[in-house]
Structure formats: C-alpha cells, structure tokens
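A closer look at the structure
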Amino acid sequence: MPKRVDPDVRREQVADAVIDEIAAHGLRSVTLARIAARTGLAIGSIRYYFGDTVREVMRFTLSVLMQRIVRRAVTMSDDPVARITDVIAFAAPTNDQEHREHIAFVEYRVIARTEPELAADIAATSLEGAKVIRSLLRDALADRIIDEEALNREALLLFALVEGFSFSSALLSAPLREMDVRAIATATLHRMIDAYPPSGETAEQTAD
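Heads up: these notes are all about the structure in this document.

Definitions and cut-offs
- Residues numbered from 1 in each chain as written.
- Predicted model: local features only at pLDDT ≥ 70, side-chain atom pairs only at ≥ 80, totals over all residues.
- Heavy atoms only, no water.
- Phe/Tyr/Trp six-rings, centres within 6.5 Å; stacked < 30°, edge-to-face > 60°.
- Helix = DSSP H or I, 4+ residues; strand = E, 2+ residues; numbered from the N terminus.
- Buried < 20%, exposed > 50% of the residue type's maximum accessible area, 1.4 Å probe, protein only.
- Salt bridge = Lys/Arg side-chain N within 4 Å of Asp/Glu carboxyl O.
- Arc of directions from axis to C-beta.
- Contact = heavy atoms within 4.5 Å.
- Polar contact = N/O pair within 3.5 Å; in protein donor to acceptor, adjacent residues only side chain to side chain.
- Axes fitted to C-alpha atoms, helices over the stretch in contact; angles between N-to-C directions.
- Parallel < 35°, antiparallel > 145°, perpendicular 65-115°, else oblique.
- Left-handed = near helix turned anticlockwise from the far one by under 90°.
- Nonpolar A, V, L, I, M, F, W, Y, C, P; charged D, E, K, R; others polar.

A separate point is the packing of aromatic side chains. Going through the model one piece at a time under the given rule, you end up with two aromatic pairs. Between Tyr-48 and Tyr-49, the ring centres sit 5.1 Å apart and the planes meet at 85°, which makes this aromatic pair edge-to-face. With a centroid separation of 5.5 Å and an interplanar angle of 55°, the aromatic rings of Phe-50 and Phe-60 are classed as tilted. Here Phe-50, found in helix 3 (residues 43–50), pairs with Phe-60, found in helix 4 (residues 54–71); they are ten residues apart in sequence, far enough to count as distant. With relative accessibility at 24%, the residue Phe-60 sits in the partly exposed group.

Structure below.
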C-alpha cells in the first residue's frame, strides 16, 4: 500500500520550490515544468493539488511567504523599546532561508503593481505591519510628550526602516547580519525617544 502523503506538506514543498526558483531566476521564470524539476514531482501531481495553471501555485506561495514573515515574531522582550527592535530584527532577513524568502516577496510586491489580486493581499499585510509598529511605538513613547501627528510620522519612519531592510536585502548576495539590524534599530529608537521631552517636564524646564 503506498504511503499516504499529507496534502499540506506537499503544497508547502511546492511553495519552497517556487521560492527557490524566484530567488534563482526571478518570478516570471516560474512554470509548472520548473517546479516539477525542483520538487521531483510529476506535473500531473502539482496540478492535482493546485489545478491546471501556475496562477494558483503562485497565490499559494505568496500566502506561505506572508505567514512565515508573521510567524517569525515568536517571543519578544517586555521592554517597549526592545520589543520594537525585536520586531524589526524578526522582519529582516538574517539567514539564508529568510534571504531567499525576502527576494521572492520583493518580486511579488513589484509584480503586484499591475496584478490587483496580489496587490490586495500584500497591501493588507503591509497595513497590518504598520499598525503593529505604531502601537509598539506608542508604548515606547508613553512617558514622552508627543502629539498624534508626530507619532504617525515616527511610526512611518520605523516602518520605512523595515521596508528598507526588506528591499535592500533582495539586492544583496547574502542575508543581513542580525547584530547590524539590531544596532541600527536601537540607535534609531533612542534618537527618536530623546527628541521628545519626558511628560513630567514643565514647559519652563523644556525651554531650559
């Protein structure tokens, strides 16, 4: 009796093959034949799980990429400032697997400009990431005098830092170093916090 294969495991295997193909040759190089060559599966087997076109494979792979990025943030510090550094470090690609995944995700984001179906999923993920950063930053600046407009600008700056790590890493031949990512994030946060006076200060103390 042939061994039963878990469909979820098989689909994840196909998604990994797509990610590797994109990292090596670009998103437009992905075909059922190339996926079959990387996985060792027959094209008929891939169609069994995803249908007759490569489009469903691509959409599934995008969902896998987004889930993996979200799942990286497993445990974080109790300190608000350290939590933001953790989130930025988790989001940045600091090992070979994450590096390949970010290359693939960046290619998806570029092609999504003209693919509304992909754009909606990616936009939702980006919006959620921006909300998380803003919420964490509000906690980190809880004892500082800062208005909503300034908070929004600073949150946008931090999110731009996350985006910068993601996009720039796709152009590099190796993953980022976690120690560098954390050092940059921590320095940025401390400069940001020091720019606003403690909430206990009076206007006269602030002027001095």
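Next comes the rest of the description.
In this section: the pattern of salt bridges. Within this structure, the stated rule accounts for 20 salt bridges. Of the charged contacts, one joins Arg-83 and Asp-139 as a salt bridge, the two residues approaching to 3.7 Å between their closest N and O atoms. Here Arg-83, found in helix 5 (residues 80–91), pairs with Asp-139, found in helix 7 (residues 116–140); they are 56 residues apart in sequence, far enough to count as distant. You can call Arg-83 buried: its relative accessible area is 18%. You can call Asp-139 partly exposed: its relative accessible area is 36%. Taking the shortest distance from any N to any O, the salt bridge between Glu-148 and Arg-138 comes out at 3.0 Å.

Time to look at helix 3. An α-helical turn contains 3.6 residues, so any two residues separated by three or four positions project in the same direction. The complete set of buried residues in helix 3 reads Ile-46, Tyr-49 and Phe-50. Around the axis of helix 3, the buried residues are gathered within 80° of arc, so they sit on the same side. Directly beyond the C-terminal end of helix 3, a positive phi value near 95° is found at Gly-51.

All right, on to the environment of Ser-29 then. Of note, Ser-29 is situated in the loop between helix 1 (7–25) and helix 2 (32–39). Spatially, the C-alpha atom of Ser-29 lies 44 Å from that of Ala-140, the residues being 111 residues apart in sequence. Residues within four places of Ser-29 in sequence aside, it is in contact with Glu-21 and Arg-34. Here the side chain of Ser-29 touches Gly-26 through a polar contact of 2.7 Å, landing on its backbone oxygen.

Glancing now at the environment of Asp-86. Here Asp-86 lies in helix 5. It is 9.7 Å that separates the C-alpha atoms of Asp-86 and Thr-186, two residues lying 100 residues apart in sequence.

We now examine the packing of helix 7 against helix 8 (residues 148–169). Running from N to C, helix 7 and helix 8 cross one another at 125°; their axes reach a closest spacing of 9 Å. The angle between helix 7 and helix 8 falls in the class oblique. At the point where helix 7 passes helix 8, the crossing takes the right-handed sense. Only Glu-148, Leu-151, Asn-152, Glu-154, Ala-155, Leu-158, Phe-159 and Val-162 of helix 8 make contact with helix 7, whose side of the interface consists of Ser-126, Gly-129, Ala-130, Ile-133, Arg-134, Leu-137 and Arg-138. Looking at the contact of helix 7 with helix 8, its residues break down into eight nonpolar, three polar and four charged.

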